[in-house]
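Coordinates in review
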Amino acid sequence: MEMPRPDDRILSRKVDLVDRLVRLVGRGAVIDDPAAIRAYECDALTAYRCPPLCVVLPETTEAVAAVLHLCHEERVPVVPRGSGTSLSGGALPTADCVLLGLARMNRVLEIDTVNRFVRVEAGLTNLAVTRAVEEAGFFYAPDPSSQLACAIGGNVAMNSGGAHCLKYGVTTNNLMGVRMVLMDGTVVDLGGPVFDAGGLDLLAVVCGSEGQLGVVTEATLRILPRAEDARPVLIAFSSNEVAGACVSDIIRAGVLPVAIEFMDRPCIAACEAFAQAGYPECEALLIVEVEGSPAEIDDQLTRIRSIAARHDPVEFRAARDADEAARIWLGRKSAFGAMGQINDYLCLDGTIPVSELSAVLAGISTLAKDAGLQVANVFHAGDGNMHPLILYDANSPGELEKAERLGADILRLCVAAGGCLTGEHGVGVEKRDLMEVQFSAEDIEAQMRVKDVFDPHWLLNPAKVFPLGASRARRIA
Ligand SMILES: Cc1cc2nc3c(=O)[nH]c(=O)nc-3n(C[C@H](O)[C@H](O)[C@H](O)COP(=O)(O)OP(=O)(O)OC[C@H]3O[C@@H](n4cnc5c(N)ncnc54)[C@H](O)[C@@H]3O)c2cc1C
C-alpha cells in the first residue's frame, strides 16, 4: 500500500516543533524518543506501520485546541488516536505527523439518569461508560467486541457497532452531542443533552467521519434502562447458507432479538478453544439473544424455535444460567483475538441486505476457493454486517497482497449485492482506493467538499478515507 511522501520541511523542523509542543502541554505530555514512539506506529491493522514525527497526549480540551492551533499555523498534519484498535488503519500515522492521543482524557463528567445521558471525555473506554451507570440500572448500548479497550472518541469517529446494535442501533443512534476541536483550534459544541438540537444535524456528519473533520474531546451519550433479563440461545446448522437463510426468516417474521451473531466452523473451533463456551459441533452457529421479562423471553424463544425448525437445525439450546450466557458471549467477543492466535488474517467489514446473506456467503466461499485462500466468518448477522477473516501467512512473500486482492473482490461482491464497503470498521487506509467501487466521482467530490469546509488545508488524518490521488491533490501547503 502506498503512503504519501513525508514533507521534508516538517521533518527537518522536528526539534523546534517538539520544543514548542512541550511549551504548550508540558514535557510529560510529549513523546519524541524514537524507541517510545514505536508504540504508536500502527493500530490493529498491523500489516502497515509508520512511526509519527512525535506523540502528544493532552489532558484537556484547551490543550488539544492549543496543539491543533500550532499545527495549523505550521501546516503540520495531525492524526487523532483513541486506543488504536482500528482495523482499517484509521489511526495509522504518517512520518511527518503529530499523533494526538486522547487516552489521558478519560473522565466521566456527568451522569443524569432522569434525562438519560452521560457526558464523558473522548478517551474513556466504551465498557467504562456502562460500568459508570450500571449500578443505577442503566447501560450504554453500542458494544464493539473491542469494548474493553476502544475509546468513545474512536467509536464516534468510526460510528462503531457491536453485537447488541441490532435492537438499539449503532453509535450514531446513541450519540447526543460532542465537543470537538477544529483543525485551526476552534472549539465547537454540536448537539447536547436534549433529544433534538436546532440547526443542521452536523452531529450526524461528524459521527463516522473517521477523524477527518475535527478532534472529539467530549461526548454526550444516551443511556438505556437495563432489561429485566436476557438469554442467549445457540442454534447450530449444517451449512453457512442455511444459517444465513434462518437469520433472514427471523427478521422477516418481525421478531427483534437484541443480537443475532454468526460463526462458521473455523471460528467456532478457535472461540471454543479460547473460551470453552460449549459451542455445538456444526458447520455454522447462530447466537441469538432475546431480552425482557421471563414471559417475554419465553414467547420470543418459542417463535424463534419454530422458525429455526424449518431449517432443520443440528441443535437448539438456550443458556441455562448467567455463567453459561457469559461464556457464550466471551467466546464470540474474543473471536478476532482467538483467531489471531492461530493464523494471520485480514478482517473485512462489508455490509449487505439481510435478505442476501445466504447468497453472499456462498459467493464468498467460491471467491476464496478460486483465490486458493481460506476464509473464516464471524459477524453481526442480524444487521447484515459481515466480517470475513481471510487467513494467510504473513511470512510468505506475496500472501498479504493475495489476501488483499481477495478482500477487494469480496467487498465488490457486497456492494453488488446492494450493500456497502464498511459497516463499522471504517474506510481508513484499507479501503480508500475502493471508494470508487461504491461512489461515483461526483459523490466523492461532494464528500471532499465537506472536508474542505472543516479542514481547508487537509491536515487532519491525511491519506485516509478518500482515494490517495484525490486527497493528495487537495492538500494545500
Ligand atoms: C478485536 C477487535 C474487535 C473489534 N470489534 C469491533 C466491533 O464489534 N464493532 C466495531 O465497530 N468495531 C470493532 N473493532 C474496531 C475498533 O475497535 C473500532 O473501530 C473502535 O471504535 C476504534 O476505537 P479506538 O479508540 O481504538 O480508535 P483508534 O483506533 O485510535 O482510531 C480510530 C479512528 O478514529 C479516529 N479518532 C480516534 N479518536 C478520535 C477523536 N477523539 N476525535 C476524532 N477522531 C478520532 C482516528 O483518527 C481513527 O481514524 C474491533 C477491533 C478489534 C481489534
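It should be emphasised that the depicted structure is a prediction, and the values quoted were computed from it without experimental measurement.

**Points about the side chain of Arg-317**
Turning to its location among the elements, Arg-317 is positioned in strand β15 (residues 315-318). A polar atom in the side chain of Arg-317 sits 2.8 Å from the backbone oxygen of Gly-278. When residues no more than four places from it in sequence are discounted, the contact partners of Arg-317 are Pro-232, Val-233, Leu-234, Gly-278, Tyr-279, Pro-280 and Glu-324.

**Digging into the pattern of salt bridges**
If the charged atoms of two oppositely charged side chains come close together, the side chains can form a pair. For the coordinates displayed, the defined rule picks out 32 salt bridges. In this structure, the salt-bridge partner of Glu-218 is Arg-179, at a minimum N-O distance of 3.9 Å. Separated by 39 residues along the polypeptide, Glu-218 in strand β10 (residues 215-222) and Arg-179 in strand β8 (residues 175-181) bring together distant segments of the chain. Given the relative accessible area of 11%, Glu-218 is considered buried. With relative accessibility at 29%, the residue Arg-179 sits in the partly exposed group. Asp-323 is the salt-bridge partner of Arg-327, the closest N and O atoms lying 3.6 Å from each other.

**Some points on the packing of aromatic side chains**
This model, assessed by the stated rule, comprises 4 aromatic pairs. Summarising the aromatic geometry, the rings of Phe-336 and Tyr-345 are spaced 6.4 Å apart at their centres and angled 55° between planes, so their arrangement reads as tilted. Here Phe-336 and Tyr-345 have matching classes, each one buried. On the basis of an interplanar angle of 55° and a centroid distance of 5.4 Å, the ring pair of Trp-458 and Phe-466 is categorised as tilted. Like Trp-458, the residue Phe-466 is buried in the burial classification. Taking NZ or CZ as reference, Lys-451 lies 5.2 Å from the ring centre of Trp-458, over its face.

**Examining the site of the ligand**
The environment of the ligand is made up of 35 residues, and the closest members are Pro-80, Gly-82, Thr-85, Ser-146 and Ser-160. The contact in question runs from a nitrogen atom of the ligand to an N or O atom on the backbone of Val-216, over 2.9 Å. Look at the ligand: alone it shows 970 Å² of surface, and the protein chains cover 95% of it. Element by element, the count of residues in the shell around the ligand is highest for helix α6 (residues 152-158), at 5 residues. Of the residues in the shell around the ligand, the class split is 14 nonpolar, 18 polar and 3 charged. Formed jointly, the shell around the ligand draws a minimum of three residues from each of two domains, domain 1 (1-226) and domain 3 (343-434).

**Side note on the pairing of strand β5 (residues 108-112)**
Of the pairings in the sheet, the one linking β5 to strand β6 (residues 117-121) comprises 4 bridges and is antiparallel in character. Opposite Val-108, over in β6, you have Val-120 as the bridge partner. If you look at the hairpin formed by β5 and β6, you'll find 4 residues sitting between the two strands, and Arg-116 has a positive phi there, around 55°.

**A look at unusual backbone geometry**
The backbone of Arg-116 shows a phi angle near 55°, a positive value even though the residue is not glycine. The topology assignment puts Arg-116 in the loop between β5 and β6. A positive phi is found at Asp-312, a non-glycine position, where the angle reads about 55°. Locating Asp-312 in the fold gives a position in the loop between α12 (294-309) and β15.

**Brief notes about the sheet that holds strand β3 (residues 78-81)**
Strand order in the open sheet made by the 4 strands is β1-β2-β4-β3, with mixed pairing throughout. In this open sheet, the two edge strands, each paired with only one partner strand, are β1 (30-31) and β3. With 4 bridges connecting them, β3 and strand β4 (residues 98-101) associate as parallel partners. The residue bridging Val-78 from the neighbouring strand is Val-98, located in β4. The strands touched by helix α4 (residues 61-74) within the sheet are β2 (54-56), β3 and β4, with β4 carrying the most contacts at an inclination of about 165°.

**Brief notes about the side chain of Ser-248**
Note that Ser-248 resides in helix α10 (residues 240-252). Residue class for Ser-248 comes out buried when judged on its relative accessible area of 11%. In terms of polar contacts, Ser-248 uses its side chain to reach the backbone carbonyl oxygen of Val-354, at 3.0 Å. Those residues in contact with Ser-248, other than ones at most four positions away along the chain, are Val-354 and Ser-355.

About the cut-offs
- Residues numbered from 1 in each chain as written.
- Predicted model: local features only at pLDDT ≥ 70, side-chain atom pairs only at ≥ 80, totals over all residues.
- Heavy atoms only, no water.
- Helix = DSSP H or I, 4+ residues; strand = E, 2+ residues; numbered from the N terminus.
- Polar contact = N/O pair within 3.5 Å; in protein donor to acceptor, adjacent residues only side chain to side chain.
- Contact = heavy atoms within 4.5 Å.
- Salt bridge = Lys/Arg side-chain N within 4 Å of Asp/Glu carboxyl O.
- Buried < 20%, exposed > 50% of the residue type's maximum accessible area, 1.4 Å probe, protein only.
- Phe/Tyr/Trp six-rings, centres within 6.5 Å; stacked < 30°, edge-to-face > 60°.
- Lys NZ or Arg CZ within 6 Å of the ring centre and 35° of its normal.
- Near = heavy atom within 4 Å.
- Areas by Shrake-Rupley, 256 points an atom, 1.4 Å probe, with all protein chains shown as cover.
- Nonpolar A, V, L, I, M, F, W, Y, C, P; charged D, E, K, R; others polar.
- Domains from an automatic or database assignment.
- Pairing = 2+ DSSP bridges.
- Axes fitted to C-alpha atoms, helices over the stretch in contact; angles between N-to-C directions.

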